[in-house]
Amino acid sequence: MESQVLIVGGGPVGLTLALDLAYRGIASTVIERRPAGERPSVKCNHVSSRTMETFRRLGFAQEVRAAGLPDDFPNDVVFRTSFCGLEMGRIPIPGRASRFTDKSGPDGWWPTPEPPHRVNQVYLEPILFHRAKSNAMIEILNEWEVTQSGQTGEHAFAVIRDLRTGEERRLSALYLVGCDGGASGVRKSIGAKLHGDAVIQRVQSTHIRAPDLLGRVKGRPAWFNYSYNSDRPGSVIAIDGIEEWLVHCYLLPHEETFDSVDRDRQIRHILGVGPDFPYDMVAKEDWIGRRLVADHFRDRRIFIDGDAAHLWVPYAGYGMNAGIADAVGLSWLLAAHLNGWAPASILDGYVAERQPITDQVSRFAMSHAAKAIKERNSIPSNVEDDTPEAAALRAEIGRKACDLNVQQYACAGLNYGYYYDESPLIVADSEAPPAYSMYDYTPSTVPGCRLPHFWLADGRSLYDALGPEFTLLRIDRHVAVAGFVDAAHALGCPLAVLDIDQSDVPDAYRYSLLIVRPDRHVAWRGAAEPEDAASVLARLTGRMI
Ligand SMILES: Cc1cc2nc3c(=O)[nH]c(=O)nc-3n(C[C@H](O)[C@H](O)[C@H](O)COP(=O)(O)OP(=O)(O)OC[C@H]3O[C@@H](n4cnc5c(N)ncnc54)[C@H](O)[C@@H]3O)c2cc1C
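Residues numbered from 1 in each chain as written. Predicted model: local features only at pLDDT ≥ 70, side-chain atom pairs only at ≥ 80, totals over all residues. Heavy atoms only, no water.

### Notes on unusual backbone geometry
So, point 1. The backbone phi angle of arginine 300 is positive, close to 45°, even though this residue is not glycine.
So, point 2. Given the relative accessible area of 53%, arginine 300 is considered exposed.
So, point 3. Not every positive phi belongs to a glycine, and arginine 520 is a case in point at roughly 70°.
So, point 4. Within the element layout of this structure, arginine 520 appears in the loop between β23 (513-516) and β24 (522-526).
So, point 5. In this structure arginine 520 comes out as buried when scored by relative accessible area, which is 11%. (Buried < 20%, exposed > 50% of the residue type's maximum accessible area, 1.4 Å probe, protein only. Helix = DSSP H or I, 4+ residues; strand = E, 2+ residues; numbered from the N terminus.)

Shown next as C-alpha cells:
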C-alpha cells in the first residue's frame, strides 16, 4: 500500500500518530533510527487519562494497563526525608488492582472510562511498536535515518539512509510529520525555532538496579518517592516495582554542570543508604528542564508534533502526553482530508488549536516547576531530628508538599479542561468555556470543550458508543436531525447519530443536540437543528476557512 503520510521518528508520538491514522484508514511509513523493538531509555512514567482514552479507542488500553508495576504496587506519591527515611506526606493513587474501584484518591472522581496509568516508557513503547508493526496500514523502516526532508508543490519527501548499509532512498508522500524528538531535523527543515526558557533546572538521572532497596523502605512503597532534606533534593521512581529505579538528583541553582556533583554520593544520599549498599547503574540520562515551544508547527505539507514542537520540564507528566494529544489532533484532520470529506484547509485547524494549548501547558508546567524547586530547596536542617518540633515540621512540610504536588499528579485540568474556543473548526455559542487550571476541571459542553464523559444506561462508556468520526448526540428523540444527516450525506462527511435514552445525563448537557468531533471535542450544540445545517457542517470540516 502506498503511504499517504511519512512519519519521521518512531517514538511514542510517531507510533501513536501512525496507529491513529491507520484507525482512520490512512497508510503511513514510519522512519526510525533505532533498531526494531529497541528499548528506549527510562523517561516518561505517566500515561495520562486522556492518552489512555486514546489507547482505548485504538483497542489496546488493557494491554497498556497490564504493563509495568505489579498489580498491588501503590501508585502513590510520597515525600520522605530520603527514600529510606521518614515519611512526611503521601498523595494516594491506587495501583492497578484497585484502580477502577478505589475512588478515595484525588483523581477518584474523574469522569473517564480510563483513569491514568503509571508505567514507564520502556514498557509502553514496545506495545506501541508491536501494534504498529502488525498493522497492515503501517510500514516501519527501522535503522533508517532521515537525512533531509522537504516538499515540492504536490508532495512532501524524505531522503533516508540505511544505517546498516549506507544505501540512500528518497520517499515521497502527500504529507510528512516530524515526530523526531527534541533535536528534530524536520523542525529545522521548516525553519521553525524554539522559543522560551532554555534552562529551568538540571537533573542528573540514573537508572539503577538495586534488589535490596524495596525491603528497606519504611511503610508502604510508592511509585514516586521524593527525598526532601536540607542537603540535596531528589526523587526515586519505581520502574518495575521490584529492583529497577530511576533516581533524579536535582542540581542546586549554583551547580551549573552535570559534573559538579558526585553521582554515586548523591544517589546514596537520596536513597538514604550507606557506602556499602549494593546497586548497579543501568544507564545515565542527564537532562536540562526547559520551556521551549516552536514558533510554527507547520509549513504547508510538513508538520511537527511532540517533542519536535515543544519541550518542557516534565511536571505533571505532560511531555509525551501532550505530544500524543497533538497526534490525535492532527490525525483526524489529515484523515478527513485524505479520505476526501474535507478540503486541505481543514489542516489549518492543527496550528490554530494545538499551538495555543501547547504554549499554555508549557507555562503551567513552568510555573509549577518554579514553586516545586523553591519548596524542595528550602528544607530546614533539623527536619530529621528526633524531637516533637521536628515531627511537627515534617508534618507541615508533608502537608504543603501534598497540597502543591497534587496539582501535578491529579491534573484534571490538563487532561480534560483545555478547549479550542477560537478554532476555525468550531461553532462558538454565547456561553464562555469554564476556566481551568492544571488541577481544576469543570465539565462543559460549550463548543471547543472535551465532551464530558458519562456512563450509558446499558453500562457502556459514552466514548465507546461514539462513531469513529463525527457523532451527533441526540438527548431527546423528538428533536429532528434529518437536516444534519442529509447535509453530512451531501458532503460525504461521516456523521453517526447516537440517541441518549436516559434522564441522568450530567448537568453540562443542556441542549438536545450536540456534535462531537473525532477527537472528542464538542464542535456545535443547540436545542434544535439550525435552519442551515449544511453551513454548520461546512465550518466543522474546514470549508469556511
Ligand atoms: C527524565 C524524563 C522524564 C519524563 N517523564 C515524563 C512523563 O512522566 N510524562 C510525559 O508525558 N513525558 C515525560 N517525559 C518526556 C517524554 O519522554 C517525551 O516527551 C517523549 O519521549 C516525546 O516523545 P516523541 O515521540 O515526541 O519523541 P522521542 O521519544 O524523542 O522520539 C523521537 C524518535 O525519533 C527518532 N529520530 C530522531 N531523528 C530521526 C531521524 N533523523 N531519522 C529517523 N529517526 C529519528 C528517535 O530515534 C526517536 O525514537 C520525560 C522526559 C524525561 C527526560
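### A few points about the nonpolar core
So, point 1. Residues Phe55, Ile304, Leu334 and Phe484 are the most contacted members of the largest nonpolar core, which totals 89 residues.
So, point 2. When residues in this core are grouped by element, the largest group, ten residues, is from helix α7 (residues 320-338).
So, point 3. If you look at the next biggest cluster of nonpolar residues, it comprises 51 residues, including Ile91, Trp245, Ile270 and Cys402. (Core = buried A, V, L, I, M, F, W, Y, C linked by side-chain atoms within 4.5 Å.)

### A short note on the pattern of salt bridges
So, point 1. Tallying each qualifying case throughout the model produces 43 salt bridges.
So, point 2. Notably, a salt bridge pairs arginine 34 with glutamate 32, separated by 3.3 Å at the nearest N-O pair.
So, point 3. For aspartate 519, the salt bridge goes to arginine 517, with nearest N and O atoms at 2.7 Å. Considered together, aspartate 519 and arginine 517 belong to a single accessibility category, that of buried residues.
So, point 4. Within this structure, Asp20, Arg24, Arg57 and Glu469 form a network of salt bridges that share partners. (Salt bridge = Lys/Arg side-chain N within 4 Å of Asp/Glu carboxyl O.)

### Some remarks on the environment of valine 383
So, point 1. With respect to the helices, strands and loops of the structure, valine 383 is situated in the loop between α8 (348-376) and α9 (388-409).
So, point 2. Taking relative accessible area as the criterion, valine 383 reaches 1% and is therefore assigned buried.
So, point 3. Taking the C-alpha atoms as reference points, valine 383 and isoleucine 397, separated by 14 residues in sequence, lie 9.1 Å from one another.
So, point 4. Contact partners of valine 383, with chain neighbours within four places excluded, come to Thr81, Met88, Tyr228, Asn229, Ala390, Leu393, Arg394 and Ile397. (Contact = heavy atoms within 4.5 Å.)

### Notes on the pairing of strand β17 (residues 287-294)
So, point 1. Taken across its eight residues, β17 has six buried, putting it largely inside the fold.
So, point 2. Pairing geometry for strand β12 (residues 194-209) and β17, over seven bridges, is antiparallel. The residue bridging glutamine 201 from the neighbouring strand is glycine 289, located in β17.
So, point 3. Strand direction decides the pairing type here: β17 and strand β20 (residues 310-312), joined by three bridges, are antiparallel. (Pairing = 2+ DSSP bridges.)

### Structural notes on the packing of aromatic side chains
So, point 1. Enumeration over the complete set of coordinates arrives at 23 aromatic pairs.
So, point 2. An angle of 75° between the planes, with centres 5.7 Å apart, marks the rings of phenylalanine 303 and tyrosine 350 as edge-to-face. Of this pair, phenylalanine 303 sits in strand β19 (residues 302-304) while tyrosine 350 sits in helix α8, and the two are 47 residues apart along the sequence.
So, point 3. We classify phenylalanine 303 as buried; its relative accessible area is 0%.
So, point 4. By relative accessible area, tyrosine 350 is classed as buried at 1%.
So, point 5. Ring centres 5.1 Å apart and planes at 80° place the aromatic pair phenylalanine 454 and tyrosine 509 in the edge-to-face group. Here the residue phenylalanine 454 occupies a position in the loop between α10 (412-417) and α11 (462-465), and tyrosine 509 occupies one in the loop between β22 (495-499) and β23, the gap between them amounting to 55 residues. (Phe/Tyr/Trp six-rings, centres within 6.5 Å; stacked < 30°, edge-to-face > 60°.)

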